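Summary of structural features
What follows is the residue order along each chain.
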Amino acid sequence: RSYIDQIVKRFHLDDPKEYSGRNTPLPACSSLNQLKSLMRVEGDKRLEEWAAAHSYPMIIGSLIHAMVHTRPDIAYAVSVLSRSMAAPELWHYKAAQHLILYLRSSRDKGLMYSQKNMHQQHTRVTAATELYDPFMEGAVDASFADDNETHRSTSGFVVWLGGSPVDWECKRQPLVTMSTMESEYVAASKCV
């Protein structure tokens, strides 16, 4: 909570009357072109002033820090926004602003690790000894060729230990795959 409050204050988005919260990290869309059209930045002087006052790499770096430590729910949004680090357009700033406002409105979300709960909820009992044996689970997914410019896929994974997430990632794949199945294999191999 404290870190999110610092981000909100650092980027001057702490006025609840002026900046209302958001309920998703980014608006629902199926491509970057659709996200760009949803941002609607034409003639927004206040957004232009905000963008001129803040460094885009600093904004994204702050969001990456939050994502890496306690907020896997923003991994895809951070992945998409960090692709334009060198030459961000105004709509990138608006999308980053949207993400910060989402963090502000969901500042109480986060990860909690409890050994007791991990043992109670996600264990298997060995028949002979009745000892608890915590185990790992993973989930992986990929979206085939969702980047319109490079035609590369985006993949992500989450690894849980005893029901609590311990590792996660969402990235554009380093190569162009030729099918949905191939992009899923690339994502699965990264998770493993």
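I will try to describe carefully the structure that is included in this document.

What counts and how
Residues numbered from 1 in each chain as written. Predicted model: local features only at pLDDT ≥ 70, side-chain atom pairs only at ≥ 80, totals over all residues. Heavy atoms only, no water. Helix = DSSP H or I, 4+ residues; strand = E, 2+ residues; numbered from the N terminus. Buried < 20%, exposed > 50% of the residue type's maximum accessible area, 1.4 Å probe, protein only. Contact = heavy atoms within 4.5 Å. Lys, Arg positive; Asp, Glu negative; His and termini not counted. Charge placed at Lys NZ, Arg CZ, Asp CG, Glu CD. Salt bridge = Lys/Arg side-chain N within 4 Å of Asp/Glu carboxyl O. Pairing = 2+ DSSP bridges. Axes fitted to C-alpha atoms, helices over the stretch in contact; angles between N-to-C directions.

**Quick look at the overall build of the chain**
The helix and strand inventory of the chain stands at eight helices and five strands. Helices and strands appear in the chain in the N-to-C order α-α-α-α-α-α-α-β-β-β-β-β-α. Seen through its C-alpha atoms, the chain measures out along the principal axes to roughly 70 × 45 × 25 Å. When the 192 residues of the chain are sorted by exposure, 33% land in the buried category. Counted over contacts in the chain with a minimum sequence separation of 6, partners at least 24 positions apart contribute 63%. In the chain, the 21 positive side-chain charges and the 22 negative ones have mean positions that sit 5 Å from each other.

**Brief notes about the environment of G61**
With respect to the element layout, G61 can be found in helix 4 (residues 56-69). As for G61 and L32, which are separated by 29 residues in sequence, their C-alpha atoms are 20 Å apart.

**Focus on the pattern of salt bridges**
In total, this model carries nine salt bridges according to the counting rule given. A salt bridge links D5 to R107, with the shortest nitrogen-to-oxygen separation between them at 2.8 Å. Here R107 lies in the loop between helix 6 (90-105) and helix 7 (115-121) and D5 lies in helix 1 (residues 2-10), a separation of 102 residues in the sequence. Judged by relative accessible area, which is 27%, R107 ranks as partly exposed. Two residues, E89 and K36, come together in a salt bridge whose shortest N-O distance is 3.5 Å. Here K36 lies in helix 2 (residues 32-39) and E89 lies in the loop between helix 5 (75-82) and helix 6, a separation of 53 residues in the sequence. Residue class for E89 comes out partly exposed when judged on its relative accessible area of 38%.

**Points about the sheet that holds strand 4 (residues 154-161)**
Across the sheet, three strands lie side by side as 3-4-5; this open sheet has antiparallel pairing. Single-partner strands in this sheet number two, and they are strand 3 (136-143) and strand 5 (164-172). If you compare each strand with its neighbour and ignore which way they point, the axes differ by 10 degrees on average. Of the pairings in the sheet, the one linking strand 4 to strand 5 comprises eight bridges and is antiparallel in character. Within the sheet, the bridge partner assigned to T154 lies in strand 5 and is R172. Each of strand 4 and strand 5 touches helix 5; the most contacted strand, strand 5, lies at about 30 degrees to it.

Keep in mind that these numbers describe shape and distance, not what the molecule does.
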